[in-house]
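Notes for the structure review
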Amino acid sequence: MLTVRALNTEYQTPRGPAVKAAQDVTFEVPAGKFFTLLGPSGCGKTTTLRSIAGLERPVGGEIAVNGRVVFSAERKIFIPPNRRNFGMVFQSYAIWPHMTVFANAAFPLEVRKNKLSKSEIREKVMRVLTAVALEQYADRDATKLSGGQQQRLALARALVMEPELLLLDEPLSNLDAKLRDRMRFELKRIQRELGLTTIYVTHDQGEALALSHEIAVMNEGRIVQVGPPRTIYEHPRTKFVADFIGTTNFIDGTVLGLDERTSRWMVRTPAGDMLVHTDSALAPNMRVTVSIRPEDVELSEEAVPDGSALNLTSGLVDQKVFLGDFVDYQVKIGDFILLSRAHPSLRTPIGDKIFVRMNPEKCVAIPDESASRAAA
């Protein structure tokens, strides 16, 4: 298990105050789980990963792996990177061009302090090359591998030391889109089969959703939400998380009150009065933003009978774009434009009336942050 508590990392500047890169970062990763730090450039995710690896020295907090403290500001503990037994794969694979595939993977074992016999090294190297499906290329020059194969070789070199923790810093970002998709499956397979506790850094929401058991979304040096991929996507706690993960509609509104019939909050919006889901504490007259994903905005050419569903309205098709397996619709409701993602079988022409239905469970009300700060 990895435990990170109240981690703070700063960079000194020639002039002015220190730059705060990671601020009060706290999370736990159970053994054998795949945990992703997700966020935009400059949010502190790579600094957090490098702090775990021992490549950065934080100014506060504590890091422990399987009960062993590798960093503690309070207790003045700092274990050097080479003594932490962590494997790390960077964005640049750093493959040795003058070595074969086998020699690249064997290098960490050959330079370690506790020397192994040639037979022991060969056994360990071939085991990891088999795990990443490169055993048949053991004698090939590393430069003659494809981009995806080089990525797997870098992974094998990290695995050969049998690390307690595997740290991955955007390892797929240099691959083309199709190869990146294939490597997601490979990474997930290797992590699952070897049972490795893995920390993954990316700004790619698709990678995070596809690979992770849990995701920590970071912004401006802080973790703003932690949870399983489905929870992060379907129940964002802040407008930033809803906007950063995928595509969503934002509808500003005002809370009217609690609907006794459904035990849902009613919100008045430009798209009509809506029943919403929320994990936050709401109150009448509070300003909120309702987030609803385009795929959760259901369209129909036929009116749904009154009382048979909730959050019903109608509008006009303003624009539509055919994208093969789905069609993106822009529906105009009064002065408001709502984005919907529909099946290609829906062929409503631009300018025609269309009916809209939104499941209250999928309409997530997020309190207005400026109003919340003012109330506090």
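Let us look at the structure shown here. On a predicted model such as this, the values are computed, not experimentally measured, just so you know.

It is worth spelling out the overall build of the protein chain at this point. Within the protein chain, the regular secondary structure consists of nine helices and 21 strands. Expressed along its principal axes, the backbone C-alpha trace of the protein chain runs to roughly 80 × 50 × 40 Å. Counting every position in the protein chain, which comprises 376 residues, the buried fraction comes to 46%. Across the protein chain, the fraction of contacts at a sequence separation of at least 24, relative to all contacts at a separation of at least 6, is 63%. Roughly 18,900 Å² of accessible area belongs to the protein chain as shown, and the carbon and sulfur atoms make up 49% of that amount.

Now for the side chain of Q149. With respect to the helices, strands and loops of the structure, Q149 is situated in helix α4 (residues 147–159). Q149 has contacts with L134 and Y137, leaving out every residue within four places of it along the chain.

The subject of this paragraph is the packing of aromatic side chains. Under the criterion given, the structure shown has five aromatic pairs. Between F27 and F35, the ring centres sit 4.8 Å apart and the planes meet at 10°, which makes this aromatic pair stacked. The burial state of F27 is the same as that of F35; both residues are buried. Across from the ring centre of F250, 5.1 Å away, lies the NZ or CZ of K239, which sits over that ring. When the ring centre of Y233 is taken as reference, the NZ or CZ atom of R293 above it lies at 4.1 Å.

Quick look at the sheet that holds strand β6 (residues 77–78) now. Strands sit in the order β2-β1-β4-β5-β6 across an open sheet of five strands; the sheet is antiparallel. Of all strands in the sheet, those bounded by a partner on one side alone are β2 (19–29) and β6. Here strand β5 (residues 68–72) pairs with β6 via two bridges, running antiparallel. What sits directly across from F71, in β6, is F78. Here helix α1 (residues 45–53) sits on the sheet in contact with β1 (2–11), β2 and β4 (60–65), set at roughly 115° to β1.

About the criteria used
Residues numbered from 1 in each chain as written. Predicted model: local features only at pLDDT ≥ 70, side-chain atom pairs only at ≥ 80, totals over all residues. Heavy atoms only, no water. Helix = DSSP H or I, 4+ residues; strand = E, 2+ residues; numbered from the N terminus. Buried < 20%, exposed > 50% of the residue type's maximum accessible area, 1.4 Å probe, protein only. Contact = heavy atoms within 4.5 Å. Areas by Shrake-Rupley, 256 points an atom, 1.4 Å probe, with all protein chains shown as cover. Phe/Tyr/Trp six-rings, centres within 6.5 Å; stacked < 30°, edge-to-face > 60°. Lys NZ or Arg CZ within 6 Å of the ring centre and 35° of its normal. Pairing = 2+ DSSP bridges. Axes fitted to C-alpha atoms, helices over the stretch in contact; angles between N-to-C directions.

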